[in-house]
Amino acid sequence: MVWPPVRVRKDKGRIRRLLRSWVLLKCPGCCEGTLFYGLFSMHQNCPLCSLKFEREQGYFVGAIYLNYAATVAVAVPGYFFLDYLLNISLFAQLVIWIAFTLVFPLLFFRHSRSLWLALDTLFNPVETPVAGVGEPPSRAGKVPSGDRGQS
Ligand SMILES: [Zn+2]
């Protein structure tokens with residue numbers, strides 16, 4: 001048994017709420033706190049509900065994959081679309097799509113991290129402590145294992 005007991009928040013509007021938090025770059029836990037405080041600077045925890053965004057070291061590597069996938073998903077069909085529609089030269093296509101693959105990941109950076117958080121929250125929901133349940137008697141007075149080494 002996990003201690004303290006946790007409750008996984010699963011309700012009917014969860015997917016809509018996570019979509020909203022992704023698009024608006026909000027915390028997937030409370031849907032109100034902002035994820036970023038600068039262009040590329042991210043809060044470590046939600047300013048409102050204190051949800052930890054980077055759950056473990058290297059957590060946002062998945063967001064890099066999402067960003068790469070989104071870039072390819074736009075660039076490859078875009079190449080064929082322009083080739084079919086405008087029949088422009090290969091050199092012009094290369095200039096367009098190399099520039100695109102350099103700029104688009106920067107523009108999509110924040111949304112890829114937000115999407116990663118939303119997907120992770122969807123498939124690995126946020127656990128919140130059950131209200132009114134404290135420490136078990138055998139561990140009373142001891143420092144919880146999750147708080148060691150933190151200041
Ligand atoms: Zn929050």
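See above for the structure.
Residues numbered from 1 in each chain as written. Predicted model: local features only at pLDDT ≥ 70, side-chain atom pairs only at ≥ 80, totals over all residues.

The next subject is the overall build of the protein. A tally of regular secondary structure across the protein gives three helices and two strands. For the protein, the succession of helices and strands along the chain, N to C, is β-α-α-α-β. Out of the 151 residues belonging to the protein, those deemed buried represent 15%. Taking the intrachain contacts of the protein between residues at least 6 apart in sequence as the baseline, contacts between residues at least 24 apart amount to 55%. (Helix = DSSP H or I, 4+ residues; strand = E, 2+ residues; numbered from the N terminus. Buried ≥ 20, exposed ≤ 12 C-beta atoms within 10 Å, placed from the backbone. Contact = placed C-beta atoms within 7 Å.)

Considered for burial, the residues of helix α1 (residues 14-23) that qualify are R17, L18, S21 and W22. Down the axis, α1 shows its buried residues gathered within 140 degrees of arc, on one side only. Along α1, exposed side chains directed more than 90 degrees from the buried face belong to I15, R16 and V23. At its buried positions, α1 is contacted by α3 (90-123). (Arc of directions from axis to C-beta.)

As a further point, take the packing of helix α2 (residues 61-86) against α3. For any two helices packed against each other, the geometry comes down to the angle between their axes and how far apart the axes lie. Running from N to C, α2 and α3 point in directions that differ by 145 degrees, and their axes come no closer than 8 Å. Judged by the sense of rotation from one axis to the other, the crossing of α2 with α3 is right-handed. The residues of α3 that touch α2, namely those facing G62, A63, L66, N67, A70, T71, V74, A75, G78, Y79, L82 and D83, are Q93, W97, F100, T101, F104, P105, F108, F109, S112, R113, L115 and W116. Classifying every residue of the contact of α2 with α3 gives 15 nonpolar, seven polar and two charged. (Axes fitted to C-alpha atoms, helices over the stretch in contact; angles between N-to-C directions. Left-handed = near helix turned anticlockwise from the far one by under 90°. Nonpolar A, V, L, I, M, F, W, Y, C, P; charged D, E, K, R; others polar.)

This brings us to the environment of A69. By the element assignment, A69 lies in helix α2. You can call A69 exposed: it has 11 C-beta atoms within 10 Å. Measuring from C-alpha to C-alpha, the distance between A69 and S112 comes to 9.9 Å, with 43 residues separating the pair along the chain.

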